[in-house]
Amino acid sequence: MEKQHSGRSSFSGKLGFVLSAAGASVGLGNIWRFPYLAAKYGGGIFLLIYILLAVTFGYTMIMAETALGRMTRKSPVGAFAASGKGRWRAFGGWINAVIPILIVPYYSVIGGWVIKYLVGYITGHGSELAQDGYFSSFIANGASVEIVFLLFTLLTLGIIFAGVRNGVERVSRMMMPVLVVLSVIIAAYSVTRPGALEGVKYFLVPNPANFSWMTVVTAMGQMFYSLSIAMGILVTFGSYMKKDVSIEGSTKNVEIFDTLIAMMAGLMIIPAVFSFSGGDPDTLQAGPALMFITIPKVFESMGLGKTDFINLSKSMINLDFQKELKCINSPVMVICGEKDAANKQASLQLQSQLPQAELLVIKNSGHEVNIDAPEDLGKALSAFFNL
């Protein structure tokens, strides 16, 4: 049995790592999820608790996971197993590997919603998107939701094959600046609208009267979700980090960037809610629909054209891809029989396009490896799953 290892890629440097890790952390997690949770669970008091958790527990966790990945140069499963003796260590890695698998469908649904709104603006239906009830009627249409879900999934797969440097890093370098610039513009407009200052006060000034233990629990959950903690993503990122890049400095930059974007997203949406609805409690409790209800109204009020909305949507979608890319960026075994000439070339191409893939060529076997060499196949699978 011959074993071939693919060459392992890496981030080009600190900037590539910071932008890519920030892309995985920010995405829709901050632009879509953070504002509606802040609006629902107390505004300023939610923000205060989130920041306290992020700069203490959160920072420790993201630095530890990144360091583990760089030290071992392995996937989450392999990294946890290599960190010490005992089978239970590998179990922690499997938990990290399973969580992103559960998140991918959830993220793909939200990504599909963004694509739906993007298509709506491309086709000139911006005013229709801003109407009350549009979002509810859209998600009630099962066929439409499933189509955009599949489209988002296909677009994600298209990005996967680009690899770490040509895919993840390149997309992040292009889209992160676009997201930051447009976020600043939209937030500046939202906070200057009539009645918006009440929303700014609600979001930035902690009010103890709005405190509840659910605020703490929700802020903790958002911190894990937003910073990509316990998902194997930072371990995977760390495994691609060069040895001469500072872990402490890089992770600090990631957390600062993530928190600032979360606050910017809150200033984009919550003041606009107060401006358009007077801070209506029902609107503040809109939950996942809040961004899709509010942002179209902001765009319509600003008079933004198709190009502006396309740039914003593209930045959000592509940043969201980063989360999914890391979810799938796990060890892969490509198996091919030595005599299987028809599929050998395809196996080599597949191995070359997956960052952590290894190709196993099993001797004296053809297309049906499980029949021609069952013992060798069994040994190969056993070795692979005991990382």
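Throughout this description, residue numbers start from 1 for each chain and increase along the sequence as written. At least 70 in pLDDT is required for a residue's local features to be given in this predicted model, at least 80 for side-chain atom pairs to be given and counted, and no such filter applies to totals for whole chains, interfaces and linings, which use all residues. Hydrogen atoms and water are omitted, and side-chain values are computed over all heavy atoms in the structure.

### Brief notes about the packing of aromatic side chains
To describe a pair of aromatic rings, one takes the distance between the centres and the angle between the planes.
Point 1. Under the pairing criterion, centres of Phe, Tyr and Trp rings, with the six-membered ring standing for Trp, must be within 6.5 Å; the plane angle then separates stacked pairs below 30 degrees from edge-to-face pairs above 60, leaving the rest tilted. As enumerated under the stated definition, the model contains 14 aromatic pairs in all.
Point 2. Judged by centre distance (5.8 Å) and plane angle (45°), the rings of F57 and F224 are tilted. Here F57, found in helix α3 (residues 44–72), pairs with F224, found in helix α11 (residues 213–226); they are 167 residues apart in sequence, far enough to count as distant.
Point 3. Clustering of aromatic rings is evident, with ring pairs tying together W113, Y117, Y134, F135, F138 and F292.
Point 4. Counting as a charge over the ring demands two things of the Lys NZ or Arg CZ atom: a distance within 6 Å of the ring centre and an angle within 35 degrees of the ring normal. It is R33 that lies over the ring of Y225; its NZ or CZ is 4.5 Å from the centre. Each helix corresponds to a stretch of at least 4 residues labelled H or I by DSSP, and each strand to a stretch of at least 2 residues labelled E; elements are numbered beginning at the N terminus.

### Observations concerning the confidence of the model for the protein
Point 1. Scored by pLDDT, the protein has a mean of 76; 75% of the residues are at 70 or more.
Point 2. Across the protein, the secondary-structure element scoring lowest on mean pLDDT is strand β1 (residues 2–5), at 40, and the one scoring highest is helix α10 (residues 196–204), at 90.
Point 3. Predicted confidence for residues 1–7 stays below pLDDT 50, and this span has 23 contacts to residues more than four positions away or in other chains. Along the chain, pLDDT gives the predictor's confidence residue by residue, from 0 to 100. Any pair of residues with heavy atoms lying within 4.5 Å of one another is described as a contacting pair.

### Section: the packing of α3 against helix α13 (residues 247–277)
Point 1. Each axis is a line fitted through C-alpha atoms, taken for helices only over the stretch in contact, and angles between the N-to-C directions span 0 to 180 degrees. One way to put it is that α3 packs onto α13 with a least axis distance of 9 Å and a crossing angle of 145°. Like other packed secondary-structure pairs, α3 and α13 cross with a definite hand, here right-handed. Residues L47, Y50, I51, A54, V55, G58, Y59, I62, M63, T66, A67 and R70 of α3 form the contact with α13, whose participating residues are I247, E248, T251, K252, E255, D258, T259 and M263. The hand of a helix crossing depends on one turn: near helix anticlockwise from the far one by less than a right angle means left-handed, and clockwise means right-handed.

### Observations concerning the environment of F34
Point 1. Positionally, F34 belongs in helix α2 (residues 27–40).
Point 2. Residues contacting F34, with those up to four places away along its chain left out, are G29, F46, L47, Y50, F203, Q222 and A262.

### Here we look at the nonpolar core
Point 1. The nonpolar core is taken to be a set of buried Ala, Val, Leu, Ile, Met, Phe, Trp, Tyr and Cys residues, with the residues joined through side-chain atoms within 4.5 Å. The classification of residues rests on relative accessible area computed with a 1.4 Å probe and restricted to protein chains. Under 20% of the type maximum is buried, over 50% is exposed, and intermediate values are partly exposed. In this structure, F34, F138 and F292 are the most contacted members of the largest nonpolar core, which totals 65 residues.
Point 2. A per-element tally of this core places α13 first, with 10 residues.
Point 3. Discounting residues that sit within four places of it in the chain, F292 has contacts with W32, I110, W113, V114, Y117 and F135.

### Thoughts on the environment of P206
Point 1. For P206, the location among the structural elements is in the loop between α10 and α11.
Point 2. Given the relative accessible area of 38%, P206 is considered partly exposed.
Point 3. Note: C-alpha distance between P206 and G44 (162 residues apart in sequence) is 3.9 Å.
Point 4. If near-sequence neighbours (up to four positions away) are discounted, P206 is found in contact with G44, I45 and L48.

### Concerning unusual backbone geometry
Point 1. The residue N364 is not glycine, and still its phi comes out positive at about 55°.
Point 2. As for its placement among the helices and strands, N364 is situated in the loop between β3 (357–362) and α18 (369–372).
Point 3. Given a relative accessible area of 56%, N364 falls into the exposed group.

### Topic: the pattern of salt bridges
Point 1. Any Lys or Arg side-chain nitrogen found within 4 Å of a carboxyl oxygen on Asp or Glu counts as a salt bridge. Under the defined criterion, the tally for this structure stands at 1 salt bridge.
Point 2. For K297, the salt bridge is made with D132, and the minimal N-O distance between the two is 2.9 Å. With a gap of 165 residues between them, K297 in helix α15 (residues 290–302) and D132 in the loop between α6 (126–129) and α7 (134–139) connect regions that are remote in the sequence.
Point 3. Judged by relative accessible area, K297 falls into the buried class, the value being 19%.

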